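One letter stands for each residue in the lines below.
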Amino acid sequence: MGRLPEDVKQICVWLARGYDRRLAKTQAVQRAGGRSAARRLAREQERLEAVEQALVAATGGIEADEIREKLRRAIMLNVESGHRYPYEQLGIDGISRSDFYRRKTQFLQGIAARLGLM
């Protein structure tokens, strides 16, 4: 897969940044119920799953659960704010700088592919 167009990349970044907020909102809507919310809920669920699946795919191939989980958190923090959380601040042992950014790119590409943005 080639480089993401800038507009698609920004959509994927915003979907990842809003993951926690949308997850909480989706859970609240599920508890409240209602038929009008069903369609909206399905669309949000699709976006949440795209972020989750892309994160799992981007961190695949790492044997150690602890390192894999640290990498997932690090990718989400870096997507949230690359200035506040550059690679050097994340403290990911066993993952090189180039591997980290390659996996972050895979993550964003995975979101785009799963949502049909490319």
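The structure under discussion appears in the preceding block.
Residues numbered from 1 in each chain as written. Predicted model: local features only at pLDDT ≥ 70, side-chain atom pairs only at ≥ 80, totals over all residues. Heavy atoms only, no water.

J.: Quick question: what am I supposed to make of a positive patch on the surface here?
T.: A cluster of like positive charges, contributed by Arg-21, Lys-25, Arg-40 and Arg-43, occupies part of the molecular surface. Those elements that provide at least two residues to the positive patch are helix H2 (19-32) and helix H3 (36-58). Judged by its relative accessible area of 54%, Arg-21 is exposed. (Patch = residues over 30% accessible without salt bridge, like charges linked within 9 Å, V, L, I, M, F, W, Y side chains within 5 Å. Areas by Shrake-Rupley, 256 points an atom, 1.4 Å probe, with all protein chains shown as cover. Salt bridge = Lys/Arg side-chain N within 4 Å of Asp/Glu carboxyl O. Lys, Arg positive; Asp, Glu negative; His and termini not counted. Charge placed at Lys NZ, Arg CZ, Asp CG, Glu CD. Helix = DSSP H or I, 4+ residues; strand = E, 2+ residues; numbered from the N terminus. Buried < 20%, exposed > 50% of the residue type's maximum accessible area, 1.4 Å probe, protein only.)

J.: It is not clear to me how the pattern of salt bridges should be interpreted in this structure. Could you clarify?
T.: Counting across every chain of the model gives nine salt bridges. Ionic pairing is found between Glu-69 and Arg-73, a salt bridge with its closest N-O pair at 3.9 Å. Highlighted residues: Glu-69 and Arg-73, both in helix H4 (residues 65-80), separated by four residues, approximately one helical turn. In this structure Glu-69 comes out as partly exposed when scored by relative accessible area, which is 36%. A salt bridge links Asp-99 to Arg-103, with the shortest nitrogen-to-oxygen separation between them at 3.2 Å. Residue Asp-99 and its partner Arg-103 are located together in helix H6 (residues 97-114), separated by four residues, close to a single helical turn. Overlapping salt bridges, with partners in common, bring together Arg-22, Glu-44 and Arg-47 in one network.

J.: Please explain the side chain of Arg-103 as it appears in this structure.
T.: Judged by its relative accessible area of 10%, Arg-103 falls in the buried class. Apart from the residues lying within four places of it in its own chain, the contact partners of Arg-103 are Ala-58, Thr-59, Gly-60, Ile-62, Leu-71 and Ile-75. (Contact = heavy atoms within 4.5 Å.)

J.: Help me understand a nonpolar patch on the surface, please; the structure alone is not making it clear to me.
T.: On the surface, a nonpolar cluster with roughly 260 Å² of combined accessible area is contributed by Ile-11, Leu-117 and Met-118. Mapped onto the fold, Leu-117 is located in the segment after H6.

J.: Explain the packing of aromatic side chains to me, please; I cannot follow it from the model alone.
T.: The relative placement of two aromatic rings is captured by the distance of their centres and the angle of their planes. The tally for this structure, following the rule as stated, stands at two aromatic pairs. Here Tyr-87 and Phe-100 contribute two aromatic rings whose centre-to-centre distance is 5.8 Å and whose plane-to-plane angle is 45 degrees, an arrangement assigned as tilted. Linking Tyr-87 in helix H5 (residues 87-90) with Phe-100 in helix H6, this pair joins segments that are 13 residues apart in sequence. Judged on exposure class, the residue Tyr-87 and its partner Phe-100 are both buried. Summarising the aromatic geometry, the rings of Phe-100 and Tyr-101 are spaced 5.0 Å apart at their centres and angled 80 degrees between planes, so their arrangement reads as edge-to-face. Overall, Phe-100 belongs to the buried group, its relative accessible area being 0%. (Phe/Tyr/Trp six-rings, centres within 6.5 Å; stacked < 30°, edge-to-face > 60°.)

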